[in-house]
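Commentary on secondary and tertiary structure
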Amino acid sequence: QVQLVESGGGLVQAGGSLRLSCAASGSIFSFNAMGWYRRAPGKQRELVAIITSGITSGGSTKYADSVKGRFTISRDNAKNTVYLQMNSLKPEDTAVYYCNGGGWYGPGDYWGQGTQVTVSS
């Protein structure tokens, strides 16, 4: 069973940057897609960004409208790691960010433990 471990969260001022990492204990090729989701206090979980990760995939991506142009998802197949580069952070980006291994059209059953991102104004 593949385990996912996130890292890279923290406290940053508005306008700053963070890079989240999601390291998989097995091959990310076992998933059709890898995604980043977040849950802010009092809000439902939402998709942030997703990237195809199948062995024959071209690394297609999609983003939530709220992060387009600011966040970039990428993958390193050799390291079985997916990244989320977050630039121009806003206080409304404050949330627990979770890595997920699943499909393009919805999350799968594999979740990381989450990493807290706090953006101060």
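Summarised in this report is the structure supplied together with it. Everything quoted here is computed from the prediction, not taken from an experiment.

Structural notes on the side chain of arginine 70
- Looking at the secondary structure, you find arginine 70 in the loop between β6 (61-63) and β7 (71-76).
- Ignoring sequence-local partners within four residues, the contact set of arginine 70 consists of Gln85, Met86, Asn87, Ser88, Leu89, Lys90 and Asp93.

Points about the side chain of asparagine 100
- Locating asparagine 100 in the fold gives a position in strand β9 (residues 95-103).
- In this structure the side chain of asparagine 100 is engaged in a polar contact, spanning 2.9 Å, whose partner is the backbone nitrogen of glycine 108.

Describing the sheet that holds strand β3 (residues 18-24)
- Overall, antiparallel pairing links the four strands, which are arranged β1-β3-β8-β7 in an open sheet. The sheet is open, and its two edges are formed by β1 (4-7) and β7, each paired on a single side. Recorded for the sheet is a direction-independent mean angle of 15° between the axes of neighbouring strands.
- Relative to strand β8 (residues 81-86), β7 runs antiparallel, the two being bridged by six bridges. Its bridge partner being in β8, phenylalanine 71 is matched across the sheet by methionine 86.

Focus on the state of the cysteines
- Applying the stated criterion across every chain yields a total of one disulfide.
- In this model cysteine 22 forms its disulfide with cysteine 99; the gap between the sulfur atoms is 2.0 Å. Since a negative S-S torsion denotes a left-handed disulfide, the cysteine 22-cysteine 99 link at about -75° is left-handed. Of this pair, cysteine 22 sits in strand β3 while cysteine 99 sits in strand β9; the two residues are 77 residues apart in sequence, bridging distant segments of the chain.
- Given a relative accessible area of 1%, cysteine 22 falls into the buried group.

Considerations on the packing of aromatic side chains
- Applying the stated criterion across every chain yields a total of three aromatic pairs.
- Relative to tryptophan 111, the ring of tyrosine 98 lies with its centre 6.4 Å away and its plane at 90°, an arrangement referred to as edge-to-face. Note that tyrosine 98 is positioned in strand β9 and tryptophan 111 in strand β10 (residues 106-111), a separation of 13 residues in sequence.
- Chaining the aromatic ring pairs together yields one cluster made of Tyr37, Tyr98 and Trp111.
- Directly above the ring of tyrosine 37 sits arginine 45, whose terminal nitrogen or CZ lies 5.8 Å from the centroid.

Concerning the pairing of β9
- Burial analysis of β9 places seven of its nine residues in the buried class, which makes it a mostly covered element.
- With seven bridges joining them, strand β4 (residues 33-39) and β9 adopt antiparallel strand pairing. For arginine 38, the partnering residue across the bridge sits in β9 and is tyrosine 97.
- Note that β9 and strand β11 (residues 115-120) share three bridges and pair antiparallel. Following the sheet pairing, alanine 95 is matched in β11 by valine 117.
- Where β9 lies against β10, three bridges are found, and the strand directions are antiparallel. Bridging across to β10, glycine 101 finds its partner in tyrosine 110.
- Joining the antiparallel neighbours β9 and β10 is a turn of two residues.

Parameters at a glance
Residues numbered from 1 in each chain as written. Predicted model: local features only at pLDDT ≥ 70, side-chain atom pairs only at ≥ 80, totals over all residues. Heavy atoms only, no water. Helix = DSSP H or I, 4+ residues; strand = E, 2+ residues; numbered from the N terminus. Contact = heavy atoms within 4.5 Å. Polar contact = N/O pair within 3.5 Å; in protein donor to acceptor, adjacent residues only side chain to side chain. Pairing = 2+ DSSP bridges. Axes fitted to C-alpha atoms, helices over the stretch in contact; angles between N-to-C directions. Disulfide = S-S within 2.5 Å. Buried < 20%, exposed > 50% of the residue type's maximum accessible area, 1.4 Å probe, protein only. Phe/Tyr/Trp six-rings, centres within 6.5 Å; stacked < 30°, edge-to-face > 60°. Lys NZ or Arg CZ within 6 Å of the ring centre and 35° of its normal.

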